[in-house]
Amino acid sequence: MHHIVPISIVLPARNEAAGLRDILPRILAVIPDAEVLVVDDGSTDDTSAVCAEHRVKHLRHHYAKGNGAAIKTGARAALGAVIVFMDADGQHKPEDIPSLLEEFNKGYDMVVGARQAGSQAGLHRAAANDVFSRFASWMVMQPIADLTSGFRVVRAARFRQFLYLLPNGFSYPTTITMSFFRAGYGVAYVPIHSPRRNSGASHIHPLRDGLRFLLIIIKIGTLFSPQKLFLPISAGFFLTGLAYYLYTYMTAGRFTNMSALLFISAVFTFLIGIVSEQISALHYKNIDTSDRESD
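Residues numbered from 1 in each chain as written. Predicted model: local features only at pLDDT ≥ 70, side-chain atom pairs only at ≥ 80, totals over all residues. Heavy atoms only, no water.

(A) The overall build of the chain, seen in detail. The number of helices and strands found in the chain is 11 helices and 7 strands. Within the chain, buried positions represent 48% of all 295 residues. For the chain, the proportion of contacts with a sequence separation of at least 24, taken over those separated by at least 6, is 75%. When the accessible area of the chain is evaluated, it comes to approximately 14700 Å², of which 62% is carbon and sulfur surface. (Helix = DSSP H or I, 4+ residues; strand = E, 2+ residues; numbered from the N terminus. Buried < 20%, exposed > 50% of the residue type's maximum accessible area, 1.4 Å probe, protein only. Contact = heavy atoms within 4.5 Å. Areas by Shrake-Rupley, 256 points an atom, 1.4 Å probe, with all protein chains shown as cover.)

(B) View of the packing of helix H1 (residues 17–30) against helix H2 (residues 47–54). Look at H1 against H2: their axes get within 9 Å of each other, and the N-to-C directions meet at 20°. Relative to H2, the element H1 lies roughly parallel. When the axes of H1 and H2 are compared, the crossing they make is right-handed. Residue-level inspection shows Ala17, Leu20, Arg21, Leu24, Pro25 and Leu28 of H1 in contact with H2, the latter providing Thr47, Val50, Glu53 and His54. Partitioned by chemical class, the residues of the contact of H1 with H2 number 6 nonpolar, 2 polar and 2 charged. (Axes fitted to C-alpha atoms, helices over the stretch in contact; angles between N-to-C directions. Parallel < 35°, antiparallel > 145°, perpendicular 65-115°, else oblique. Left-handed = near helix turned anticlockwise from the far one by under 90°. Nonpolar A, V, L, I, M, F, W, Y, C, P; charged D, E, K, R; others polar.)

(C) Looking closely at the pairing of strand E7 (residues 187–192). Summarising burial for E7: 5 of the 6 residues are buried, a large majority. Relative to E7, strand E5 (residues 110–115) runs parallel, the two sharing 6 bridges. By the bridge assignment for E7, Gly113 is matched with Val190. (Pairing = 2+ DSSP bridges.)

(D) Geometry of the confidence of the model for the chain. On average, residues of the chain carry a pLDDT of 84, and 87% of them reach 70 or more. Looking over the chain, one finds the lowest element-wise mean pLDDT in helix H11 (residues 287–294), namely 62, and the highest in strand E4 (residues 82–85), namely 95. (pLDDT = per-residue confidence, 0-100.)

(E) Spotlight on the sheet that holds E7. Here 7 strands make up an open sheet; going across it, the order is E3-E2-E1-E4-E6-E5-E7 and the pairing mixed. The open sheet terminates on both sides in strands that have one partner only, identified here as strand E3 (57–61) and E7. Taking the axes of each pair of neighbouring strands and ignoring which way they run, one obtains an average angle of 20° across the sheet. One ladder, built from 4 bridges, connects strand E1 (residues 7–13) with E4; its direction is parallel. Each residue of the ladder has a partner; that of Ser8, found in E4, is Ile83. In the packing of H1 onto the sheet, the strands contacted are E1 and strand E2 (35–41), and the crossing angle to E1 comes to about 175°.

This is the structure:
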């Protein structure tokens, strides 16, 4: 019979040896009996040596698969019933883990460290995160303090239910947050201050990631609450068609092909939204049975 470790701490790391050298002793000082797993996402530095030095588990990807892929590898390998996810670059402070766990122990399924204003690296990222969080809050009808924070405590069994939905890239926090809200699981936020990264190089690029954020917004819209995305578009087509029809009727006394096309587009968009809503519901059909099996 396996000994169940109460808490596992998963750190995805790509060329973050310097950050790990600083953060690993601090983690072990805060929670000495935790299982610590460093998921090495194709690093070319001495990450493996740092892990051996601090006697933590080292899981290696032979090539860079992405932050989300590293999270999935860590979640599959973790033995703990509770998993703490945090970055290895020094932006998440191990000293904040007890306050997240304290909130988690009140009965939540996930507790997220919400970065406070001024603590994120770069104004454009803070602004993007704010817009993103507001949009997601509207989608799930619940306040979301920080949608893209990677610092979180989760109930392992419930987190694993959504592994198949998680992308391999940077947008895993968005997807898992929306998944938990949609499933009706309890999510809480604890304010944290995130210092600027003290090592390595950021893998974020403003222009490319701005487009990626837009695509993620469309993706989470269709994945979790399709009608909230399709209904306004359908209404837009319908109202534009109606306005154009009134204009052509008043000026030329006729109903044009453009008006017909806009009305048909409104109907098709509405019907696609209904079908998407049915497909979205299928993601959660076995959620209660799988939760009981994993417990």
